[in-house]
Amino acid sequence: MLAPLAFRRAGVQTTGVRRIESRVPAFATALGRTVGGVDAAACVTALKAAIELYTELRDADGQGSEVEMSEVEREVRAYVAGLPTRLGLPGPGS
């Protein structure tokens, strides 16, 4: 889902994600933030990074800045924001 948005933003033909690092290198680097580690905190961080990256791509594509956030998007964001508490993880600055 993220790669086609990145390709469209870069004006690159979408033909799959192989060799994404050579086709849109900055995006490939940013995509690395969406890879979770082996613990819950790392997975939450990766999930938040994926949402952030999607939002950046959507807004740059002109699909997000004028469109009000849907109820589903609000609920997903609230759920993800509450994950650290539900999982018993330390909060920011702890």
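Cut-off values and rules
Residues numbered from 1 in each chain as written. Predicted model: local features only at pLDDT ≥ 70, side-chain atom pairs only at ≥ 80, totals over all residues. Heavy atoms only, no water. Helix = DSSP H or I, 4+ residues; strand = E, 2+ residues; numbered from the N terminus. Buried < 20%, exposed > 50% of the residue type's maximum accessible area, 1.4 Å probe, protein only. Areas by Shrake-Rupley, 256 points an atom, 1.4 Å probe, with all protein chains shown as cover. Expected span 1.5 Å × (residues − 1). Contact = heavy atoms within 4.5 Å. Phe/Tyr/Trp six-rings, centres within 6.5 Å; stacked < 30°, edge-to-face > 60°. Lys NZ or Arg CZ within 6 Å of the ring centre and 35° of its normal. Axes fitted to C-alpha atoms, helices over the stretch in contact; angles between N-to-C directions. Parallel < 35°, antiparallel > 145°, perpendicular 65-115°, else oblique. Left-handed = near helix turned anticlockwise from the far one by under 90°. Nonpolar A, V, L, I, M, F, W, Y, C, P; charged D, E, K, R; others polar.

*Asks:* For the overall build of the protein chain, give the residues involved together with the corresponding values.
*Replies:* Regarding its fold elements, the protein chain presents five helices and zero strands. The N-to-C order of helical and strand elements in the protein chain reads α-α-α-α-α. Taking all 94 residues of the protein chain together, 24% fall into the buried category. Accessible surface, the protein chain as shown: approximately 6,400 Å² in total, 59% of it carbon and sulfur.

*Asks:* I'd love a proper account of helix 5 (residues 71-86), names of residues and values included.
*Replies:* With 16 residues, helix 5 extends 21 Å between its outermost C-alpha atoms, agreeing within 8% with the 22 Å of an ideal straight helix rising 1.5 Å per residue. Among all positions of helix 5, only E73, V80, G82, L83 and P84 are buried. Of the surrounding elements, those touching the buried residues of helix 5 are helix 4 (40-60). Of the residues trailing helix 5, G88 is marked for its positive phi of about 70 degrees.

*Asks:* How would you sum up the packing of aromatic side chains? Please name residues and give values.
*Replies:* Inspection of every chain in the model, using the stated rule, returns zero aromatic pairs. The positively charged end of R86 is found above the aromatic ring belonging to Y79, 4.1 Å away from the centroid.

*Asks:* Which residues make up the packing of helix 4 against helix 5, and what values do they have?
*Replies:* At their nearest, the axes of helix 4 and helix 5 sit 9 Å apart, and the two run at 150 degrees to each other. If you check the angle between helix 4 and helix 5, you find them roughly antiparallel. Taken as a pair, helix 4 and helix 5 cross one another with a handedness that is left-handed. Every residue of helix 5 that contacts helix 4 at V44, L47, K48, I51, T55 and R58 is listed here: E73, V76, R77, V80, L83 and P84. By residue class, the composition of the contact of helix 4 with helix 5 is seven nonpolar, one polar and four charged.

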